[in-house]
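If you want the building blocks of each chain, they are given just below.
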Amino acid sequence: MRLSTSTSILYQNKRFGRFYQVEDSIRLCAESGFRHVDVNFYDQGLEGNPLARDGWEQWVDGLRQQAEACGITIFQTHAFCYRTAESTDFTIDRPWFEERIRRSITASRMLGAEWTVIHPADFSRDPEYSAEKCKAFNCEYWKPFVELGVRCGVGIAFENMFQSGFKQRYCSEVDEIIGLADSFHEDLVGICWDTGHGALSGQDQGEAIRKIGKRLKAMHVNDNHALPKQDEHLMPFYGTVDWLTIMEALKDIGYSHDFAYELKQATQTLPPELCGEMLRFLYDLLYPEDIPTVQEFIGYCLIPSD
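All values derive from a computational prediction rather than experimental measurement.

Chemist: I'd love a proper account of the overall build of the chain, names of residues and values included.
Modeler: Check the secondary structure of the chain and you find twelve helices and ten strands. Computed over C-alpha atoms, the radius of gyration of the chain comes to 18 Å, within 12% of the 19 Å expected from 2.2 N^0.38 for 306 residues, which places it in the range of a compact globule. Counting only C-alpha atoms, the chain reaches 50 × 50 × 35 Å along its principal axes. Within the span of the chain, comprising 306 residues, buried residues form 58% of the whole. Nonlocal contacts in the chain, meaning residues at least 24 apart in sequence, comprise 75% of its contacts between residues at least 6 apart. Summed over all atoms, the accessible surface of the chain reaches about 13100 Å², with 50% contributed by carbon and sulfur.

Structure representation (structure tokens):
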């Protein structure tokens, strides 16, 4: 298992009104010790950002060259995606949304990524929620994107959602996301498990991860206090997530892909000159000097306390 972090760790500084380029994030992550990153194409696909502009292919190629120069590898990415209300809103410019999702998949191939994470349409605003209807829609809607991924050699990992504060939300239950992934009957379709979303949905995350098993291809690692609508994206151990249960389950299923931080809140209010120190702390949080690998860290965490 490889320690990784999303490039969203350094994107927007709300207190100081500053936006960072993804190139800045990659460089600073590398300087802080990280050797693997998850490129967040949601940030980069917003209006005015590189993935949403002409010449995006040249930008991606430059990103690839920079990552290589920094000794960074990219195993997973996060595709541009619909927000909750947008996922089933047909009054918006869906062709433009879909174009940015296609660009995310193509860009993932260009960067050498094996998987890109996609949010399923969750139907959280539907007054008459039906899991069967949601599944039928998602299976049909995402079919061309899965086919594009297969042609590119990039897997699609559907991410678990959370129902906190909503009547219901498709794929907030582990059985729903397993059913969606399995419906494609395709090796290049899997699951991304977001630990924060799992906590907000009240899931037994150890049991959920064991159910997912070999379908687990990517992770978004973050903590929260399981409060309604509070997807806090805190650092591990700063909320109420049971990390020992999660790590034991990951060990049991033999998960060997990225253990990727998704901690966009960590630097949003820091003075810019302290962001590098925060990234170094995040790296050391799971790579203390006397425990050199994540696998050994898992074993360390599982030692019973007195």
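Having seen it, we continue.
Chemist: If you had to explain the sheet that holds strand β5 (residues 76-78) to someone new, which residues and values would you point to?
Modeler: Spatially, the eight strands line up as an open sheet ordered β9-β8-β7-β6-β5-β4-β1-β10, and their pairing is parallel. The open sheet terminates on both sides in strands that have one partner only, identified here as β9 (216-220) and β10 (258-261). Sheet twist, expressed as the average angle between the axes of neighbouring strands with direction ignored, equals 30 degrees. As paired elements, strand β1 (residues 2-6) and β10 share four bridges and run parallel to each other. What sits directly across from Leu-3, in β10, is Phe-259.

Chemist: Quick rundown of the pattern of salt bridges? Include the residues and the values.
Modeler: What the rule picks out here adds up to 14 salt bridges. Put simply, Glu-31 and Arg-27 hold a salt bridge, and the shortest N to O gap is 3.4 Å. Here the residue Glu-31 and the residue Arg-27 both occupy positions in helix α1 (residues 22-31), the gap between them amounting to four residues, near one helical turn. According to the relative accessible area criterion, Arg-27 is partly exposed, its value standing at 37%. Notably, a salt bridge pairs Glu-47 with Arg-100, separated by 3.7 Å at the nearest N-O pair. Here Glu-47 is found in the loop between α2 (41-45) and α3 (56-69), whereas its partner Arg-100 is found in helix α4 (residues 94-111), with 53 residues between them in sequence. Judged by its relative accessible area of 56%, Glu-47 is exposed. Owing to a relative accessible area of 3%, Arg-100 belongs among the buried residues under this scheme. Three or more residues joined by partner-sharing salt bridges are found here, namely Asp-24, Arg-27 and Glu-31.

Chemist: Describe the nonpolar core, listing the residues and the values that go with them.
Modeler: Counting 88 residues, the largest nonpolar core has Trp-142, Phe-158, Leu-216, Leu-250, Phe-259, Tyr-261 and Leu-282 as the members making the most contacts within it. In terms of residue count, the dominant contributor to this core is helix α11 (residues 275-286) (seven residues). Each residue touching Phe-158, except ones within four places of it in the same chain, is listed here: Ile-118, Pro-120, Trp-142, Ile-177, Leu-180, Phe-184, Val-189, Gly-190, Ile-191 and Cys-192.

Chemist: Hey, could you go over the confidence of the model for the chain for me, with residue numbers and the actual values?
Modeler: Caution is warranted with low-pLDDT regions, since their predicted coordinates should not be read in detail. For the chain, per-residue confidence averages 90 on the pLDDT scale, and 92% of positions sit at 70 or higher. Segment residues 302-306 is flagged for pLDDT under 50; beyond a separation of four residues in sequence, or across chains, it makes three contacts in the model.

Chemist: A description of the packing of aromatic side chains should follow, citing residues and the corresponding values.
Modeler: According to the stated counting rule, one finds 16 aromatic pairs in the structure shown. On the numbers, 6.3 Å between centres and 75 degrees between planes, the contact of Phe-34 with Tyr-261 is edge-to-face. Here Tyr-261 lies in strand β10 and Phe-34 lies in the loop between α1 and β4 (37-40), a separation of 227 residues in the sequence. Pair check on accessibility: Phe-34 and Tyr-261 agree, each one buried. An aromatic cluster is present here, built from Tyr-42, Phe-80, Tyr-82, Phe-97, Phe-123, Phe-137, Tyr-141, Trp-142, Phe-145, Phe-158 and Phe-184 joined pairwise through their rings. Over the face of the ring belonging to Phe-97 we find Arg-100, whose NZ or CZ atom lies 4.9 Å from the ring centre. Across the ring face of Phe-162, the terminal group of Arg-169 is positioned such that the distance to the ring centre comes to 4.7 Å.

Chemist: I'd like a rundown of the packing of α1 against α3, residues and numbers included.
Modeler: Running from N to C, α1 and α3 point in directions that differ by 10 degrees, and their axes come no closer than 10 Å. With respect to their mutual orientation, α1 and α3 come out roughly parallel. Note on element contacts: α3 touches α1 through Trp-59, Leu-63, Gln-66 and Ala-67, opposite Val-22, Glu-23, Ile-26 and Arg-27. Looking at the contact of α1 with α3 residue by residue, the class counts come to five nonpolar, one polar and two charged.

About the criteria used
- Residues numbered from 1 in each chain as written.
- Predicted model: local features only at pLDDT ≥ 70, side-chain atom pairs only at ≥ 80, totals over all residues.
- Heavy atoms only, no water.
- Helix = DSSP H or I, 4+ residues; strand = E, 2+ residues; numbered from the N terminus.
- Rg over C-alpha atoms; globule rule 2.2 N^0.38 Å.
- Buried < 20%, exposed > 50% of the residue type's maximum accessible area, 1.4 Å probe, protein only.
- Contact = heavy atoms within 4.5 Å.
- Areas by Shrake-Rupley, 256 points an atom, 1.4 Å probe, with all protein chains shown as cover.
- Pairing = 2+ DSSP bridges.
- Axes fitted to C-alpha atoms, helices over the stretch in contact; angles between N-to-C directions.
- Salt bridge = Lys/Arg side-chain N within 4 Å of Asp/Glu carboxyl O.
- Core = buried A, V, L, I, M, F, W, Y, C linked by side-chain atoms within 4.5 Å.
- pLDDT = per-residue confidence, 0-100.
- Phe/Tyr/Trp six-rings, centres within 6.5 Å; stacked < 30°, edge-to-face > 60°.
- Lys NZ or Arg CZ within 6 Å of the ring centre and 35° of its normal.
- Parallel < 35°, antiparallel > 145°, perpendicular 65-115°, else oblique.
- Nonpolar A, V, L, I, M, F, W, Y, C, P; charged D, E, K, R; others polar.

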